[in-house]
Amino acid sequence: MIQTITLERVFRGEVYIQGVAGERFCVRNSGAKAVVEGSGDHCCEYMTGGRTVVLGTTGRNFAAGMSGGIAYVLDEVGDFEYYCNTGLVELGPVEDKADISELQELIGKHLLYTQSPLANKLLTNWEEFLPKFVKVIPLEYKKVLNEMKLKEVKRKLELAEDAPDRRE
Amino acid sequence: MESNSFPKAQGLYDPKNEHDACGIGFVAHIKGHKSHDIIERGLTVLVNMDHRGATSSDNKTGDGAGILMQLPHDFYLSLKIAVPEAGKYGTGLVFLPEDKKEADHCAEILNKFVAAEGLQLISWRDVPVDSSVIGEIAKRSEPLIRQIFVKGDYEQDILERKLFLARKQAERSIRESNLTQKDAFCLPSFSSKTLIYKGMFTPDQLRDYFKDLTNPAMTSAIALVHSRFSTNTFPTWSLAQPFRMIAHNGEINTIKGNRQWMHARESLLESDLFGSEIEKIFPIIEPGKSDSASFDNTLEFLHLAGRSMPHSICMMIPESFNEKNPIPEDLKAFYEYHSTIMEPWDGPASMVFSDGRYIGGTLDRSGLRPSRYVITKNDLIVMGSEVGVQVFKADEIKEKGRLRPGKLLLVDTERGIIIPDQEVKAELSQRNPYGDWLKENRLELEKISVRQRVSSNIGDLFGPYSKVFGYSKEEMMIVIKEMAETAQEPTSSMGNDTPLAVLSDKPKRFFSYFRQLFAQVTNPPIDPIREGLVMSLTHYIGSVSSNILEETPNHCSLIKFDSPIITNTDLGKIKDLKHESFTHAIIPMLFPVNGGAAGFKKAFDAMLVEAEKAVDENKNFIILSDRNVDENMAPIPSLLSVAAVHHHLIKSKKRMQIGIIVESAEPREIMHFALLFGYGASVVNPYLAFAAIDYLVNEEEIKLPYAEARKNYIKSIDKGLLKVISKMGISTLQSYHGAELFEAVGVSDELIDNYFKGTPSRIGGVSYEEIFKEAMIFHDDAYKNPTKKVSFSTVGEYHYRNQGEFHAWNPQSVGLLQWATKSDDYQTYKKFSKLVDDQNAQPAFIRGILKWKHNPIPIEEVEPAENIMKRFVTGAMSYGSISKEAHEAIAVAMNIIGGRSNTGEGGEDAGRFGTDRNSKIKQIASGRFGVTNNYLINAQELQIKIAQGAKPGEGGQLPGFKINKIIAKLRHSTPGITLISPPPHHDIYSIEDLAQLIFDLKNVNPDAKVSVKLVAESGVGTIAAGVAKGFSDIIIVSGCEGGTGASPASSIKHAGLPAEFGIAETQQTLVMNNLRGRVKLQVDGQLKTGRDVVIMGMLGAEEFGFATGALISLGCIMMRKCHLNTCPAGIATQNKELRKRFLGRSQFVINYFTFISQEIREYMAEIGVRNFDDLVGRVDLLEQNHEVTNWKMKNVDLSKFLNLPKEAKLYPIRNTHPNTKNLDDVIDKTLIKEANKAIKSGEKVWLSHSIHNAMRTVGAMLSGQISKRYGEEGLPKDTINCTFTGTAGQSFGAFLVKGVSFKLEGDSNDYLGKGLSR
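Predicted model only: the values in this text are computed from it and were never measured. (Residues numbered from 1 in each chain as written. Chains lettered and ligands numbered in written order. Predicted model: local features only at pLDDT ≥ 70, side-chain atom pairs only at ≥ 80, totals over all residues. Heavy atoms only, no water.)

1. Digging into the environment of D780 of chain B
All names here are of chain B. Here D780 lies in helix α23 (residues 768-783). Under the relative-accessibility criterion, D780 is labelled partly exposed at 27%. Sequence spacing of D780 and K467 is 313 residues, and the spatial spacing of their C-alpha atoms is 8.9 Å. (Helix = DSSP H or I, 4+ residues; strand = E, 2+ residues; numbered from the N terminus. Buried < 20%, exposed > 50% of the residue type's maximum accessible area, 1.4 Å probe, protein only.)

2. Quick word on the domain arrangement of chain B
All names here are of chain B. Its domain assignment divides chain B into domain 1 (15-439), domain 2 (460-486 + 511-783), domain 3 (811-1209) and domain 4 (1227-1305). The straight-line distance from the C-alpha centre of domain 1 to that of domain 2 is 39 Å. Facing the 52 residues of domain 1 at the interface are 47 residues of domain 2. For the pair domain 1 and domain 2, the summed buried area comes to about 4,100 Å², and 56% of that belongs to carbon and sulfur atoms. At the boundary of domain 1 with domain 2, the tally comes to 4 salt bridges. Two residues, K653 and E266, come together in a salt bridge whose shortest N-O distance is 3.2 Å. Run the count over domain 1 and domain 2 and you get 29 residue pairs in polar contact (both at pLDDT 80 or more). Elements represented by at least two residues in the side of domain 1 that touches domain 2 include exactly α7 (255-265), α8 (291-304), α9 (309-316), α10 (329-339) and α12 (434-441). (Domains from an automatic or database assignment. Contact = heavy atoms within 4.5 Å. Buried area = accessible area lost by both parts, 1.4 Å probe. Salt bridge = Lys/Arg side-chain N within 4 Å of Asp/Glu carboxyl O. Polar contact = N/O pair within 3.5 Å; in protein donor to acceptor, adjacent residues only side chain to side chain.)

3. Re the side chain of K1192 of chain B
All names here are of chain B. Relative to the elements of secondary structure, K1192 occurs in the loop between β39 (1182-1184) and α38 (1227-1234). Among the polar contacts listed, one links the side chain of K1192 to the side chain of E774, at a separation of 3.1 Å. Discounting chain neighbours no more than four positions away, the residues touching K1192 are A501, V502, S504, K506, P507, K508, Y513, G765, V766, E770 and E774.

4. Side note on the packing of aromatic side chains
Residue and element names in this part refer to chain B. Under the definition given, this model contains 57 aromatic pairs over all chains. Geometrically, the ring pair formed by Y337 and Y434 is tilted, given 5.0 Å between the ring centres and 35° between the ring planes. Remark: Y434 occurs in helix α12 and Y337 occurs in helix α10; sequence separation between them is 97 residues. Linked through ring pairs, F510, Y513, F514, Y679, Y736, F742 and F756 together constitute an aromatic cluster. The ring of Y154 has K162 lying over it, and the distance from NZ or CZ to the ring centre is 5.0 Å. Stacked on the ring of Y471, the Lys or Arg R668 has its end atom at 4.0 Å from the ring centre. (Phe/Tyr/Trp six-rings, centres within 6.5 Å; stacked < 30°, edge-to-face > 60°. Lys NZ or Arg CZ within 6 Å of the ring centre and 35° of its normal.)

5. Looking at the sheet that holds strand β16 (residues 443-444) of chain B
Taken in spatial order, the 3 strands make up an open sheet running β16-β20-β19 (chain B), and their pairing is mixed. Either end of the sheet is taken by a strand with one partner, and the two such strands are β16 and β19 (539-541) of chain B. (Pairing = 2+ DSSP bridges.)

6. Some details on the pattern of salt bridges
Residues and elements named next belong to chain B. Summed over the entire model, instances satisfying the criterion amount to 85 salt bridges over all chains. With a shortest N-O distance of 3.5 Å, K88 and D153 are connected by a salt bridge. Residue K88 is located in the loop between α2 (73-78) and β3 (89-96), and its partner D153 is located in the loop between β5 (144-151) and α5 (156-175); the two are separated by 65 residues in the primary sequence. Residue E444 pairs with R442 through a salt bridge whose shortest N-O separation is 2.9 Å.

Laid out in structure tokens, this is it:
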């Protein structure tokens, strides 16, 4: 159990918490990876980067003013959307391969560091639980990520074209 | 004995501003088994929260601590006191005057009322105390403490009411007596159920002082405790908590309104339980006590009058119940129904309460104060502000949890159960068919049918009306147009450099004489956009809260508004209502133009008489209207009318019966509306603003259909109102209504005392005559030379205009300063400073009305300019808001002259650390952008920015398009992603939180000074006192004139006070509290010349901040385009091309500061002081220059600025010693030793420690040491591995760096991993 307001303005680093956090977990998170098993109101408020994984219910106003980073929320009941402030973010299933492996890795580390039975249950029944995760991503951030990906692909292409063996 | 209360208001100090914050908690046996162990545990909980309280300047006097328990019947039997069976007698400690005669007199009065209520005195007992344990300050006001026992053979609830009646009457009688030490008298409790011990203690002194508490015969199943951190050091034994039913951690922001509404309600109260005796209780709220005390008074009254405790609490602190809140419909109906009976007591609150049987806790809707509980297997429950206040083994614990925002936890010790929130509230919502009652009786404005539409077009009247009400070109084209087009209020930049309304010789609207208050430190502002779920503009009008002790369907016969701004047609609907619960009277706010000032006053008085008549005739609303202005009739200012009617009706106890609607041409800006609601209006119809939009649409200035433009305009006002109330930490317009959260600047005492009672006002100012004259200037302008053509005057409020309002930074002053600094010519600088000083005395600024006394000495004897320049700092302007070139030029200049430059919010390139471009001051603002451990360790001063002069109480937003790669890198964010700075620091919700952040920062960098930046407003002095007690080294008081890169125009103009007010009040308050010697004071706000610095120094400042002046010397020409990224001087822009135009040099800044210090030396020689230190706080060397005046200033009096408190003879009036908090015993010292090898050579270490909640900020100092050696890089991953077992204190793992891994087995308190850097 963690008191209110944790991980305020964190830049990098990782935190794994077996238990439930209070209000404003990961407020202004700008780069940390955090896993927790439930949260209070205003989780991920003003978040600008990093990853937040909530393996349980959240309070009201999730992701208010969140402009960067990604959150994954285990939504077993299916009512997460009501608790989320969708002003800046978009909700969707975890489908992208990179996303799935990232989430799996984070929960895996959570298990490693905390021996959480919950993490164990999720990982052993992964196929069953994966569809119950919701990915929360700010629209603006998604756009920037896509642009960065595109640039990266272009760069690789150019590099590939520049590769010595392809030169004549 | 010293007076047992706050000092009387004097100078700029006012005891009304006192705040406190605290640690609270309770221990209870759920099954109600009484034992001494429970009391012991309660006392331990207190001691374990010691760090949340504070001590006074003598370092021994606590701010207050106390305990509430069940009446210890067995203890009294063991003392052989002749008490009857439990429940048939009452008792309580009595604080009495130290003077024997007066004490006896007070006791007699109490005896008298006890007998009058049909109770029999059993005996008085001397309470054994050990006075040697308390501090000097507490001792000086220590009361005589005795205990009274009385009996009465009644049912216990009846007995409770009789004890209450006796207490209330005794309190009132003594309060109204002539006793010299009457302030000492207090009954902490007087009950047959509970008993309270409290006083001016630190937590551990409580146990030692009252010997009763350690007596094993004293038993209880309940122990509720409280320790206090207050912003003052004045002895106030009676304000220690718990109060009779509650202990409160938090602050009620709407208290002024709540108190007035309660007062107004008294005339309508009827209770079966009290019958005709109810008047004996009045006033329900004891005057002159704290916000928590007033809350307790009201709760106690509601409870004794028959409402259950949870019911009363849900009424006073309702949770948010709009659609974003997942609570049942019938509970929403319960809240909505009760919102028509009482407005919320709004503000951060964690509250624990008990009546001896029930004990529980609740949190306000935002949940800003933590509250945690543990339930053990052997039926103990412990709740506290922190986890770990009682230590249990893991296998003893049954359940742990925390209170959630808006939720309750209730224990019934008689039935031996815990009642969860849902059950409590389900029961409450079933009490009555609230939902049906609402449906049947409450009207919703939009559902009322329209009989006739009322057009916004007022035809030919628009020309003269726009002149009578002073609509300027700027207001039309910037304010109204932008709001109607974009639904946003306009943004502007740089500071406010125009004169105060009362110092300007131009006529002003009456609104301009007021300033918004805002929350800083002691409670957080709210983000109304991101946290909209707790906000509401819903409001009701009609006969609100008739008898709050009853519940009938009729209570909600009201009209509900979703927005308080109504259209002409909406107003028409209300006028057309024919229902008997919805009748109205229209009262004109007009006066005849030919009657002179006397005629004005006559019309004004008649308006008040009419309002009272409307109540007597059972009308439900008053419509105050200025619709009928013409050549013969001019308008009385709408704000004056509303406030006067509101206060007149409160005084005559007729206010609750009627709602006030304003139909006025005058309001158009957000500030205007906020003022009208804050002084009692319920809804406003701004018909001329609508007509103006209609005009702009017809002129095709606004290219939108009228209906849409009007909708946008109303929306922008709504948004703006939410911003204004959230600035103050208030969630609902309903509780803002009548809360008077403004300060008057330049209004006469006559008006304030009569119609703005409770509003701070410190310099006097305009009265009827001047207001009449102002109204006539506008009226004459409209009707003396009538023209057909519509035209608007150029006022120049926002931008400098040739014929317009005076701006301190004008083409002449800007030009002279740039010429002087570029050519390094002191004579030109003297021309500049003469121009500025003369203009200040036109007058424009308070400093221009002050002058000093002469006693010349040779200038050679005055300390050198180099010394003086060390006192200069530059303002916090981030790299991001200004260009790299400008930012570095300033840093270099300040490093050369020995002053200090400031990073601003947004980090700093690590490449600058250790070079001459390093900023000595590193700022920590609410967004914490770029605040890494390495950043902190490279500072000489760490500045916590609580508020900014231009927009105090607001957050900010840096749009994604401005964030390029470099800025994103410094801020540790992603390029292109918008960055939002929240309005509050999310780790500072109270004064003890600020103390915690200061502690964090001092741990990371023990060599740096910590400073806290506040903005001047009424009450800033008491906040500063709290900050000083929280171990800040420097306190910065910023004037509201401060500059900005981008802020809402209305915030720049209307929030906060000029720097002179802030610095003088802070100085006086700190001296009175003997805290001045511990801190340095710094001031900023439109400082330009040596004269400005000297005056500010005499008012109390030691250091001086310059921002705009420095920018101007670098080439700024005050285009006010900073928010647009188009700065033509290449300063406030990131645009590559524009930055090439930057021609500034560090040398120009150096020249400017050299000139100022040279000038200061000349003045010091004139005054006759050799060292600047000898000037600080010397208000005795200042006087008001009565030659500086204008037609409005007849009643302006600056004597409050010049008040030297009598304590100045005893205590320092400037900084004399450091404000050190001992860091020797932090566990990091051990960690650093143990990890020595790892730090030095990177060798891996594994450490293990036990931990408890008093061990705070673990890891920060260790990390600071690593940053010092390795910079941003840190150590390789997992070099230092620590495992902790137990409950971690606040800020566990704060500012950890790479290479340090912490593992915690157990719980953690707030701020885990705050500011983790890698």
